[in-house]
Amino acid sequence: MAIIDRLKQAYKTRWQQWLSRRIPRAKEVILNQRRVFIFLSSYGGMMSLLLLALFIAGINYANNLILGFCFFLGSLLVIGIHHTFANLSGLKINAIAGGEAFAGDVVAFTIRLTPTNKRLYYSLLLDWGGVKEQVEIVDGQTEVTLFLRTEQRGRFQPPRLKMTTFYPLGLLRAWTWLDLDLTAIVYPQPIASDELPSGSGDKEQAEHSQKRKVGIEDFEGLKKFNEGDPLAHVSWKHLARGQGMLVKTYSEPVTGSNTLDYLAFQGLDKENRLSRLAWWVLRLTEQQQPFALKLPHKKIEVGTGHQHQQQCLRALALFEEPL
C-alpha cells in the first residue's frame, strides 16, 4: 500500500511540474492549442463503442446502410472535435482581484472573460477549488466572481482554475487548468477577549497613559473665573474667605488612545494572540475609539476609521512580513 501511495505522489508531482511548464502562473492567459486539452466524454465513449459495433456489423453482413449510418455518426464526432475545441480557443482570461476575509470565511476572487475574436462562447463550467460556476454565454467582457473557503491566516493563493466545456454535442470534453496570479489576504479569526491588551509599559506608553482631557470625573485644581465658566463649578468656600472667584476644574484620562500590544498576552501562542488582537481592532473601531497596534517588528500609529482598521488587520494577517 505504501508503494502505491508513493507512486501516486510521484505521479502528482510530475504532473504538476509538467503543467507548470505548459501553463505557467500569469495575470492574463489566452487559450490556444497548448493550453486546451480535449478528449471523449462519457457519452462520446459510448458513441465510440456504438460506431465500432456498427462498423463490425456492416462489414460482417456487407450492409451498406449500416456502414453509411456508421460513417454519418463518425463524421458528427469529428466535426464535434473542432467545435468543442473552438468553444475555448481564443478566450482571454484576466485575473482581476483577490478579496479579503477572516480565516474560516469565504473570500472573493474575480476574473474577466474576454473573446479575442467575434465568436461567442457557450456553457463554460468553472471549477475553482471545488466551487463551481456555470457561465452560459460570453459575449464581450464578462466578469465572474467565485467565493473560495479559507482555512488559515496569511496570503491565500487559490488552486488552479479548471474551465470545462461540453458544447455543442456533449460527446467531447475540452478543458484547461489555469494558474492565475491572484492573492487574497486572510485575517486572523477574531476571538473575544475580556481584557484589553494594552501597552507593555515602555516610556512612550507611560507618557501616553498620563494624558488627560477636560471632563467631569476627577478634580484637577482651581483656576480664575472667566466669563462663560459654569457657576456650578465656582468654589464658594474660597469666595467666602476672600480669596477671589475661583472655578473648580475636572479632567479624565484619555481612553481612546489604547495601544494594542502583542506582548501583553501571557501564556498564549502566536495565532491566539493575533486572533484576540483582531477582535479588539474590530471592537475599538466599532466604538470609534482611536488606537495603535504594536507588534514585535512593526508598529501602526494611533488612528481611527475603516482604513485604519484594514491596515491593522492586514498587519496581523501578514504578521511574519515587514510593513
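This text follows the structure it describes.
Along each chain, the written sequence defines residue order, and numbers are assigned to residues from 1. Local features in a predicted model are, by the rule used here, given only for residues with pLDDT of at least 70; side-chain atom pairs are given and counted only at 80 or more, and totals for whole chains, interfaces and linings are based on all residues. Excluding hydrogens and water, the side-chain values take into account all heavy atoms of the structure.

Let's shift gears to the packing of aromatic side chains. Each Phe, Tyr or Trp ring (for Trp, its six-membered ring) is paired with any other whose centre lies within 6.5 Å, and the angle between the two planes then decides the class: stacked below 30 degrees, edge-to-face above 60, tilted in between. Under the counting rule described, the total for this entry stands at nine aromatic pairs. With a centroid separation of 5.6 Å and an interplanar angle of 45°, the aromatic rings of F109 and W128 are classed as tilted. Of this pair, F109 sits in strand 5 (residues 106-115) while W128 sits in strand 6 (residues 121-128); the two residues are 19 residues apart in sequence, bridging distant segments of the chain. What links up through ring pairs into an aromatic cluster is the set W15, W18, F37 and W175. Our definition puts a charge over a ring when NZ of Lys or CZ of Arg is within 6 Å of the ring centre and also within 35 degrees of the ring normal. A cation over an aromatic ring shows up here: R173 above the ring of W175, its NZ or CZ 4.0 Å from the ring centre. The aromatic ring of Y262 is capped on one face by R273, whose charged end is 5.1 Å from the ring centroid. What counts as a helix is a DSSP run of H or I of at least four residues, what counts as a strand is a run of E of at least two, and both are numbered from the N terminus.

What follows is about the environment of A174. Along the polypeptide, A174 turns up in strand 11 (residues 172-178). Partly exposed residues are those whose accessible area sits between 20% and 50% of the maximum for their type, while under 20% is buried and over 50% is exposed, using a 1.4 Å probe and protein chains only. Here A174 falls in the buried class, since its relative accessible area comes to 0%. Spatially, the C-alpha atoms of A174 and I38 are 4.2 Å apart, while their sequence positions differ by 136 residues. In this structure A174 touches V36, F37, I38, T84, L88, M163, T164 and T165, once residues within four positions along its chain are discounted. Any two residues whose heavy atoms approach within 4.5 Å are treated as being in contact.

Two strands qualify as a pair provided that DSSP identifies no fewer than 2 bridges between them. The five strands lie next to each other as 2-11-10-6-7, forming an open sheet whose pairing is antiparallel. Among the strands making up the open sheet, the edge pair consists of strand 2 (37-40) and strand 7 (131-138). Averaged over all pairs of adjacent strands, the angle between their axes in this sheet comes to 25°, without regard to strand direction. Inter-axis angles, ranging from 0 to 180 degrees, are taken between N-to-C directions of lines fitted to C-alpha atoms, where helices are fitted over the stretch in contact. Packed on one face of the sheet, helix 3 (residues 64-86) meets strand 2, strand 6, strand 10 (161-165) and strand 11 and runs near 25° to strand 11.

Taken in spatial order, the three strands make up an open sheet running 15-16-17, and their pairing is mixed. Each edge of the sheet is formed by a strand with only one pairing partner; in this case those strands are strand 15 (258-261) and strand 17 (298-303). Taking each pair of neighbouring strands and ignoring which way they run, the sheet shows an average axis angle of 15°. Across four bridges, strand 16 (residues 291-295) lies against strand 17 in antiparallel orientation. Across the sheet, the residue bridging to F291 is G303, located in strand 17. With respect to the sheet, helix 6 (residues 270-286) is in contact with strand 15 and strand 16, its orientation differing from that of strand 15 by roughly 160°. Packed on one face of the sheet, helix 7 (residues 305-317) meets strand 16 and strand 17 and runs near 165° to strand 17.

Let's shift gears to the pattern of salt bridges. Charged atoms that come close allow side chains of opposite charge to pair. What makes a salt bridge here is a side-chain nitrogen of Lys or Arg within 4 Å of a carboxyl oxygen of Asp or Glu, nothing more. Inspection of every chain in the model, using the stated rule, returns eight salt bridges. With a shortest N-O distance of 3.3 Å, D181 and R25 are connected by a salt bridge. You can see D181 sitting in the loop between strand 11 and strand 12 (184-187) and its partner R25 sitting in the loop between helix 1 (2-22) and strand 1 (28-30), a full 156 residues away along the chain. Residue class for D181 comes out partly exposed when judged on its relative accessible area of 30%. Residue E271 is joined to R153 by a salt bridge in which the shortest nitrogen-to-oxygen separation is 2.7 Å.

Our focus in this paragraph is unusual backbone geometry. Only a minority of non-glycine residues have a phi that is not negative, and only a minority of peptide bonds are not trans. Cis rather than trans, the peptide bond between Y167 and P168 has omega equal to 5°. The backbone of S123 shows a phi angle near 50°, a positive value even though the residue is not glycine. On the secondary structure map, S123 appears in strand 6. By relative accessible area, which is 26% here, S123 ends up partly exposed. Of note, Q288 is a non-glycine position whose phi angle comes to about 60°, a positive value. Looking at the element boundaries, Q288 is found in the loop between helix 6 and strand 16. Given the relative accessible area of 69%, Q288 is considered exposed.

Any link to function would need more than the numbers given here.
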